[in-house]
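Close look at the chain arrangement
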Amino acid sequence: MKLLELADCVTTSTIPLQTALETLGIKAVVLPNCLVSEEWKNLNPLRRVGSRPRVGWAGQVGVHRSDLRFLSSVFEEIGDEVEWVFLGEVPENLRRTEVKSEVHPMVPLGQFPTKLASLNLDLALAPLALNEFNEAKSDLRLLQYGVLGFPVIATDIYPHGIAPVTRVPNVPQAWARAIRDHLYNPDCSEKEGKMLREWVLKHRMLESWLPQYRDAWLGESGNRRDHSTFSEMGNNESRSSPTSYIPIIETKYDCSIIIPVCNRCDLTKQCLLHLAEVTQGCHYEVLVVDNASTDETQNFLASCG
């Protein structure tokens, strides 16, 4: 009966799994997906090697058709502004258009990291259809893109609420704008990829989580607390905040930098990225005050974490 209650609790809401278990009186430890360093860290994909920016997606054939379906008009609108690259599934509608694409067959799991790196993407896409199944998915694909330094545009959905990626609603116009924003600002886009890679390497590699996995398996999770307190981030008014799996660390700042903004998301990106480059060794916090922007500023700021 407990299992039936749990299934109903998880599939009809977006509350975290650990919270759902605790409401049923079940003690649980929920740990994040991680990548194995030996499989991913030594891969070095190239950037800007195509005649046009290489924009791509990877996924199993027959599994993600609904995830890609709403992007059909985006592929047609962007057209040959980019080199479309697909590993595994190819959108059905794309086959019936004149939009050219580079298609690679899916490879065995052991070959996947090397194959994904060989795509040499300048921008990776992570669309997910809005349904209960996808609400319960992990952010594993973001980790795989990110560890390779690919900047990512992703559906604004619960599993994508943590990683520093560009999150957009499943509206074709929003995706087209986000893609072009990356295309027209290649230096900023590349820096976003580097930021995502650093985030994955710092927070989501398996070796740093092995003690927690071991303790959870042996039922000793209460003995270690260095990663057991999780922080939350995101706009609580717009959606439930996901658990970030990043330990809360009390930090004393040397200074606070306050930046008021209103639209011009491209300038905000440049400002924050250049700020990060010139503040090495300085402990600071940045407070960005958004004055009711109507462009992609809100989505970008939400993706920064």
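The present account deals with the structure reproduced in this document. None of the values given here were measured: they were computed from a predicted structure.

**Things to note about the overall build of the protein chain**
- When you go through the protein chain residue by residue, the secondary structure sums to 14 helices and 10 strands.
- Classification of the 305 residues of the protein chain by burial places 44% in the buried group.
- When contacts within the protein chain are restricted to residue pairs at least 6 apart in sequence, long-range pairs at least 24 apart make up 70% of them.
- As presented, the protein chain carries roughly 16,300 Å² of accessible surface, and 54% of it is formed by carbon and sulfur atoms.

**Re helix 11 (residues 186–203)**
- In this model, helix 11 (18 residues) spans 26 Å end to end at C-alpha, consistent with the 26 Å of a helix rising 1.5 Å per residue.
- Buried within helix 11 are the following residues: Cys188, Ser189, Glu192, Gly193, Leu196, Trp199, Val200 and His203. One face of helix 11 carries all of its buried residues, which in axial projection span an arc of 145 degrees. In helix 11, those exposed residues whose orientation departs by more than 90 degrees from the buried face are Glu198 and Lys202.

**Regarding the nonpolar core**
- Trp84, Leu116, Tyr145, Val152 and Ile179 are the most contacted members of the largest nonpolar core, which totals 52 residues.
- The element best represented in this core is helix 10 (residues 172–184), accounting for 6 residues.
- Discounting chain neighbours no more than four positions away, the residues touching Trp84 are Val55, Val74, Phe75, Ile78, Gly79, Val99, Lys100, Ser101, Glu102, Leu125 and Ile179.

**Description of the sheet that holds strand 1 (residues 54–59)**
- As summarised here, the arrangement of the 6 strands in space is 3-2-1-4-5-6, forming an open sheet in which the pairing is parallel. Each edge of the open sheet carries a strand with a single partner, namely strand 3 (101–104) and strand 6 (166–168). Between one strand axis and the next, the sheet turns by 20 degrees as a mean value, whatever way the strands run.
- The strands that helix 10 touches are strand 1, strand 2 (83–88), strand 4 (123–126), strand 5 (152–155) and strand 6; relative to strand 5, the one it contacts most, it runs at about 165 degrees.

**Quick word on unusual backbone geometry**
- Residue Asn120 is not a glycine yet carries a positive backbone phi of 50 degrees.
- Take Asn120: it is sitting in the loop between helix 7 (112–118) and strand 4.
- Under the relative-accessibility criterion, Asn120 is labelled buried at 17%.

**Thoughts on the pattern of salt bridges**
- Enumeration over the complete set of coordinates arrives at 14 salt bridges.
- Note that Arg180 is salt-bridged to Glu81, the shortest N-O span being 2.7 Å. Highlighted residues: Arg180 in helix 10 and Glu81 in the loop between helix 5 (72–78) and strand 2, separated in sequence by 99 residues.
- Take Glu81: its relative accessible area is 28%, and that puts it in the partly exposed class.

**Brief notes about the packing of aromatic side chains**
- On inspection of all chains with the given rule, the structure shows 4 aromatic pairs.
- Ring plane angle 75 degrees and centroid distance 6.3 Å describe the contact between Trp40 and Phe112, whose orientation is recorded as edge-to-face. A residue pair is termed long-range when its members are at least 10 positions apart, and Trp40 in helix 3 (residues 37–40) and Phe112 in helix 7 qualify at 72 residues.
- Judged by relative accessible area, which is 2%, Trp40 ranks as buried.
- For Phe112, a relative accessible area of 6% translates into the label buried.
- Ring plane angle 85 degrees and centroid distance 4.8 Å describe the contact between Phe75 and Trp84, whose orientation is recorded as edge-to-face.
- By relative accessible area, Trp84 is classed as buried at 1%.

**Observations regarding the packing of helix 13 (residues 265–277) against helix 14 (residues 297–304)**
- Contact geometry for helix 13 and helix 14: axes closest at 9 Å, N-to-C directions at 25 degrees. With respect to each other, helix 13 and helix 14 are oriented roughly parallel. Seen from above, helix 13 lies across helix 14 with right-handed handedness. Where helix 13 abuts helix 14, its residues Cys265, Thr268, Lys269 and Leu272 lie against Thr297, Phe300, Leu301 and Cys304.
- Within the contact of helix 13 with helix 14, the residues separate by chemical class into 5 nonpolar, 2 polar and 1 charged.

**Describing the environment of Lys191**
- Looking at where Lys191 falls in the secondary structure, it is placed in helix 11.
- Residues Lys191 and Pro151 lie 40 residues apart in sequence; the distance between their C-alpha atoms is 8.0 Å.
- Residues contacting Lys191, with those up to four places away along its chain left out, are Leu273, His274 and Glu277.

Procedures and definitions
- Residues numbered from 1 in each chain as written.
- Predicted model: local features only at pLDDT ≥ 70, side-chain atom pairs only at ≥ 80, totals over all residues.
- Heavy atoms only, no water.
- Helix = DSSP H or I, 4+ residues; strand = E, 2+ residues; numbered from the N terminus.
- Buried < 20%, exposed > 50% of the residue type's maximum accessible area, 1.4 Å probe, protein only.
- Contact = heavy atoms within 4.5 Å.
- Areas by Shrake-Rupley, 256 points an atom, 1.4 Å probe, with all protein chains shown as cover.
- Expected span 1.5 Å × (residues − 1).
- Arc of directions from axis to C-beta.
- Core = buried A, V, L, I, M, F, W, Y, C linked by side-chain atoms within 4.5 Å.
- Pairing = 2+ DSSP bridges.
- Axes fitted to C-alpha atoms, helices over the stretch in contact; angles between N-to-C directions.
- Salt bridge = Lys/Arg side-chain N within 4 Å of Asp/Glu carboxyl O.
- Phe/Tyr/Trp six-rings, centres within 6.5 Å; stacked < 30°, edge-to-face > 60°.
- Parallel < 35°, antiparallel > 145°, perpendicular 65-115°, else oblique.
- Left-handed = near helix turned anticlockwise from the far one by under 90°.
- Nonpolar A, V, L, I, M, F, W, Y, C, P; charged D, E, K, R; others polar.

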